[in-house]
Amino acid sequence: MRHGNKNNHLGRTTSHRKAMLANMASSLILHKRITTTLAKAKVLRGYVEPLLTKSKNDTTHSRRTVFSYLQDKDATSIVFREIAEKIANRPGGYTRIIKLENRLGDNAEMAIIELVDYNTVYGADAAAPAKKSARRRGGSGAKAKAAAPVAAEEAVVVEDVKEEPAAEAPAPSENEENAEKGE
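Conventions we followed
- Residues numbered from 1 in each chain as written.
- Predicted model: local features only at pLDDT ≥ 70, side-chain atom pairs only at ≥ 80, totals over all residues.
- Heavy atoms only, no water.
- Helix = DSSP H or I, 4+ residues; strand = E, 2+ residues; numbered from the N terminus.
- Buried < 20%, exposed > 50% of the residue type's maximum accessible area, 1.4 Å probe, protein only.
- Contact = heavy atoms within 4.5 Å.
- Areas by Shrake-Rupley, 256 points an atom, 1.4 Å probe, with all protein chains shown as cover.
- Core = buried A, V, L, I, M, F, W, Y, C linked by side-chain atoms within 4.5 Å.
- Phe/Tyr/Trp six-rings, centres within 6.5 Å; stacked < 30°, edge-to-face > 60°.
- Lys NZ or Arg CZ within 6 Å of the ring centre and 35° of its normal.
- Arc of directions from axis to C-beta.

Student: How do you make sense of the overall build of the chain when you look at a structure like this?
Tutor: Along its length, the chain carries seven helices and three strands. Starting at the N terminus, the α and β elements of the chain follow one another as α-β-α-α-α-β-β-α-α-α. A buried classification covers 26% of the 183 residues belonging to the chain. In the chain, the proportion of contacts linking residues at least 24 apart, taken out of those at least 6 apart, comes to 58%. About 14,100 Å² of surface is accessible on the chain, with carbon and sulfur atoms providing 52% of the total.

Student: Can you walk me through the nonpolar core in this structure?
Tutor: For soluble globular proteins, the rule of thumb is that nonpolar side chains tend to be buried together. Leu44, Tyr47, Leu52, Leu70 and Ile83 are the most contacted members of the largest nonpolar core, which totals 29 residues. Secondary-structure elements contributing two or more residues to this core are helix H1 (14-31), helix H2 (38-54), helix H3 (60-70), helix H4 (73-86) and strand S3 (110-115). With eight residues, H2 is the largest single contributor of residues to this core. For Leu44, the residues in contact, after removing those within four places along its chain, are Leu21, Met24, Ala25, Leu28, Ile34 and Ile113.

Student: What's the story with the packing of aromatic side chains in this structure? I'm lost.
Tutor: Aromatic ring pairs are defined here through the distance separating the ring centres and the angle between the ring planes. In the structure shown here, the tally under the stated rule is one aromatic pair. Directly above the aromatic system of Tyr118 lies the positively charged group of Lys32, at a separation of 4.9 Å from the ring centroid.

Student: I'm lost on the environment of Arg64 in this one. Help?
Tutor: With respect to the secondary-structure elements, Arg64 resides in helix H3. With relative accessibility at 63%, the residue Arg64 sits in the exposed group. Separated by 12 residues in the primary sequence, Arg64 and Thr76 have C-alpha atoms spaced 9.0 Å apart.

Student: Just to check I follow, could you spell out H3 for this structure?
Tutor: Every α-helix winds through 3.6 residues per turn, so residues three or four apart in the chain are directed the same way. When we look at burial in H3, the residues that qualify are Ser62, Thr65, Val66 and Leu70. Down the axis of H3, the smallest arc covering the buried residues is 125 degrees, so these residues share one side. Among the exposed residues of H3, those oriented more than 90 degrees off its buried face are Thr60, His61 and Arg64. In the core, the buried residues of H3 are packed alongside H1, H2 and H4.

Functional significance is not addressed by these values, which are geometric in nature.
Spelled out as structure tokens, the structure:
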């Protein structure tokens, strides 16, 4: 019976699982995003996030602890040099799991796991849409009057643009002239 044993062993021995998670964690740190199965991504999140929390405190002990989990000097140095700066103010939740379509070969659930602060799709620019002003009846007319001249000036600028004539076709080369004559 497995009462209270909530960790997913992924059908592997302990040594294989530790080696696999260390490799996946270092790949995630180096590439900032990896594609894997959903089950592995969920286990990897529980493996990587405590390491990233530990990287906020840059001491010799924390560096050695993170290295013992990752077994990769490059990944360890990147965690403490680059990633720790970006996640300094974040109180957890350093990774994001995005589900994908099932894998064709065995229909396994696939997912992308990525570091949240390194995502280019969900950037800070896209997250903060332009704030719409509330329209109220009988509101201040000063804003509407101030905006009207600006729109008129923009229209004038658009009208001043002259259309360029289309470029003429280039003169035919000697080979083309000879082909037309039948030579």
